[in-house]
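What follows is each chain in one-letter form.
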Amino acid sequence: MREHDLYDRYESSFDGADTKQRMGKRGKRTADDAEPTRRGRMTEEEKLRVARLREDQLSTEDTPEDGDRWSTWGDADQGPKPHPSWLVTELAAVDRELGIVKTGKEADVFLLERAMGEKACLLAAKRYRSGDHRMFHRDAGYLEGRRMKKSREMRAIQNRTAFGRNLIAEQWAVAEFAALARLWQIGAPVPYPVQRSGTELLLEFIGDDEGNAAPRLAQLRPNEDELLDLWRQLVSTLWTLAEAGLTHGDLSAFNLMVHDGRLVVIDLPQVVDLVANPRGVEFLDRDVRNISAWFAARGLPPEIGDPSALVATLLDAAGMS
């Protein structure tokens, strides 16, 4: 994966405009020019608006006939190598939206097909929204210890300006992409993170070839044997995370999917470092008790699904016992 400053693009995109103003350069403006007509430095909100206008102009100028856009693979942060064989990575591929999969308070998920000739793959396009959503109000606990490099960005985030809210949305997208990449590499059952561009994540689609998404665990009514198998998969997954010093941070039956009997963990922007976060053990304990309660309500024997025993086991796996 490429390493870079996540937010330099917000500065560099407008450096030329600011330099012209400082040097006193003036040019003729047309009605189609994106830059605002005010003098002086652009506010962060204006910069964000201009960036969006430029993106809209670019997206409408070059649209493929058989899709909604050209593949954004070449311009995005890419998932860990080796890339899966099913993934279409050709730069001349076309992306076509097939509908919405799920709406949420912080992000919406769309079904997307990326195709190049006869080769095609289905992807889940998760797009974070920049409004004041539930997650953005509770981000302090999850992101404790994380800081932006630039004071103006910190102020924008703290003041919840339009620019600041967009930074928060991108920060969550970056966090989830990094978490998925790390977990994929250590063998955790998560969707393969294909790419990230701005506040959009493209992920492996968990579902069938017809575009039907796999059910959430909360939607299932497993029998006794299925319940025990799912519990064992869950414990193995939590153990894998704990060995890496992590916990989900918001685990429930709604962010676990079951595809062909396999448990898959999703929705990971708030993944918590058990050591670096002062509340790490608290988050781990809450994760375990939340999901254990769901299994207990479906008939898992208490001696098998004892949350206190599982927390102790996971802390031992994390080297924190």
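To be clear, the structure that these remarks concern was listed above.
Numbering of residues begins from 1 in every chain and follows the order in which that chain's sequence is written. Where totals are concerned, whole chains, interfaces and linings use all residues; where local detail is concerned, this predicted model gives features only for residues with pLDDT of at least 70, and gives and counts side-chain atom pairs only at 80 or more. Side-chain descriptors were evaluated using all non-hydrogen atoms of the structure, hydrogens and water having been removed beforehand.

Undergrad: Any chance you could break down the overall build of the chain for me, citing the residues and the numbers?
TA: Along the backbone of the chain there are nine helices and 11 strands. Counting all 321 residues of the chain, 45% fall into the buried class. A separation threshold of at least 6 residues defines the contact pool for the chain, and within that pool the share at least 24 residues apart is 65%. For helices the rule is a DSSP run of H or I covering at least 4 residues; for strands it is a run of E covering at least 2, with both sets numbered from the N terminus onward. When accessible area is computed with a 1.4 Å probe and restricted to protein chains, residues below 20% of their type maximum are described as buried, those above 50% as exposed, and intermediate ones as partly exposed. A contact between two residues is defined here by any heavy atoms of the two lying within 4.5 Å.

Undergrad: Kindly report on the side chain of His248, identifying the contributing residues and their values.
TA: Along the chain, His248 falls in the loop between strand E8 (246-247) and strand E9 (256-259). Of the residues examined, His248 reaches a relative accessible area of 1% and is grouped as buried. Here Leu251 takes part through its backbone nitrogen, which lies 3.4 Å from a polar atom of the side chain of His248. Contact partners of His248, with chain neighbours within four places excluded, come to Leu241, Asn255, Val265, Ile266, Asp267, Leu268, Gln270, Val271, Val272 and Asp287. Any pair of N or O atoms that falls within 3.5 Å is considered a polar contact. Within protein, one atom must be able to donate a hydrogen and the other to accept it, and sequence-neighbouring residues count only if both atoms are side-chain atoms.

Undergrad: Any chance you could break down the packing of aromatic side chains for me, citing the residues and the numbers?
TA: Two aromatic rings, taken as a pair, are described by how far apart their centres are and by the angle between their planes. Only Phe, Tyr and Trp rings are paired, with Trp represented by its six-membered ring, and only when their centres lie within 6.5 Å; those with planes under 30 degrees apart are stacked, over 60 edge-to-face, the remainder tilted. As enumerated under the stated definition, the model contains four aromatic pairs in all. When the centroid spacing of 6.3 Å and the interplanar angle of 90° are considered together, the rings of Trp86 and Tyr192 count as edge-to-face. Within this pair, whereas Trp86 is found in the loop between strand E2 (77-78) and strand E3 (94-103), its partner Tyr192 is found in the loop between helix H6 (162-185) and strand E6 (193-197), the two being separated by 106 residues in sequence. On the basis of relative accessibility, which here comes to 30%, the residue Trp86 falls in the partly exposed class. On the accessibility criterion, Tyr192 (0% relative accessible area) is buried. Measuring from centroid to centroid gives 5.0 Å for Trp184 and Tyr192, while their planes differ by 70°, and the two rings are edge-to-face. Judged by relative accessible area, which is 31%, Trp184 ranks as partly exposed.

Undergrad: Please give an account of the sheet that holds E6 that cites residues and values.
TA: Whether two strands pair comes down to DSSP finding at least two bridges between them. The strand order across the open sheet formed by seven strands is E1-E3-E4-E5-E7-E6-E2, and the pairing between neighbours is antiparallel. Each end of this open sheet is capped by a strand with a single partner; those strands are strand E1 (69-70) and E2.

Undergrad: Lay out the nonpolar core in plain terms, naming residues and giving numbers.
TA: Ranked by size, the top nonpolar core spans 47 residues in total, and within it Leu217, Leu234, Leu256, Ile291 and Phe295 carry the most contacts. Tallying contributions element by element places helix H7 (residues 224-243) first for this core, with seven residues. Discounting residues that sit within four places of it in the chain, Phe295 has contacts with Leu217, Leu227, Leu230, Trp231, Leu234 and Leu300. In this structure, Ala93, Phe110, Ala125 and Tyr192 belong to the second largest nonpolar core, which totals 12 residues. In plain words, nonpolar cores are sets of buried Ala, Val, Leu, Ile, Met, Phe, Trp, Tyr and Cys residues tied together by side-chain atoms within 4.5 Å.

Undergrad: How would you sum up the environment of Asp287? Please name residues and give values.
TA: If you trace the backbone, Asp287 turns up in helix H8 (residues 280-297). Assessed through its relative accessible area of 1%, Asp287 is described here as buried. Considered as a pair, Asp287 and Thr247 are 40 residues apart in the sequence and their alpha carbons are 7.7 Å apart. Setting aside its immediate chain neighbours within four residues, Asp287 contacts Thr247, His248, Gly249, Asp250 and Leu251. Reaching out from Asp287, the side chain makes a polar contact with the backbone nitrogen of His248 at a distance of 3.2 Å. Within polar-contact distance, the side chain of Asp287 engages the backbone nitrogen of Gly249 at 2.7 Å.

Undergrad: Tell me about a negative patch on the surface, residues and numbers included.
TA: The patches reported here contain residues having more than 30% relative accessible area and no salt bridge. Joining distances are 9 Å for like charges and 5 Å for nonpolar side chains (Val, Leu, Ile, Met, Phe, Trp, Tyr). Only the protein chains shown count as cover for residues, and the accessible areas themselves come from Shrake-Rupley with a 1.4 Å probe. Whenever Lys or Arg places a side-chain nitrogen within 4 Å of a carboxyl oxygen from Asp or Glu, that contact is recorded as a salt bridge. Note that His is not counted, nor are the chain ends; the positive residues are Lys and Arg, and the negative ones are Asp and Glu. Here the site of a charge means atom NZ of a Lys, CZ of an Arg, CG of an Asp or CD of a Glu. Where like charges cluster on the molecular surface, the negative patch consists of Asp208, Asp209, Glu210 and Asp260. Among the structural elements, Glu210 can be located in the loop between strand E7 (200-204) and H7. Overall, the relative accessible area of 70% leaves Glu210 in the exposed class.

Undergrad: Explain the environment of Phe205 to me, and be specific about the residues and the numbers.
TA: Here Phe205 lies in the loop between E7 and H7. Through-space distance from the C-alpha of Phe205 to that of Cys121 is 8.7 Å; in sequence the pair is 84 residues apart. Those residues in contact with Phe205 that lie beyond four places of it in its chain are Val101, Leu111, Leu122, Leu123, Ala124, Gly211, Asn212 and Ala213.

Undergrad: So what's going on with the pattern of salt bridges? Which residues, and what values?
TA: Scanning the model with the defined rule gives 14 salt bridges in all. Across the pair Arg196 and Glu170 runs a salt bridge whose closest N-O atoms are separated by 3.2 Å. Placement of Arg196 in strand E6 and of Glu170 in helix H6 is noted, with a sequence separation of 26 residues between them. For Arg196, a relative accessible area of 2% translates into the label buried. Given the relative accessible area of 1%, Glu170 is considered buried. Each of the salt bridges in this network shares a partner with another, and the network as a whole consists of Arg69, Asp95, Glu97, Arg114, Arg127 and Glu200.

Undergrad: Would you mind going over helix H9 (residues 307-317) in detail, with residue names and values included?
TA: All buried positions along H9 are accounted for by Leu310, Val311, Leu314, Leu315 and Ala317. Buried positions in H9, seen along its axis, are confined to an arc of 155° and lie on one side of it. Those residues of H9 that are buried lie in contact with H7 and H8. For H9, the N-terminal capping position is held by Asp306, with its side-chain oxygen 3.3 Å away from the main-chain nitrogen of Ser308. Where H9 terminates, the next one or two residues include Gly319, which has phi positive at roughly 70°. Comment: arc refers to directions from the helix axis out to C-beta atoms.

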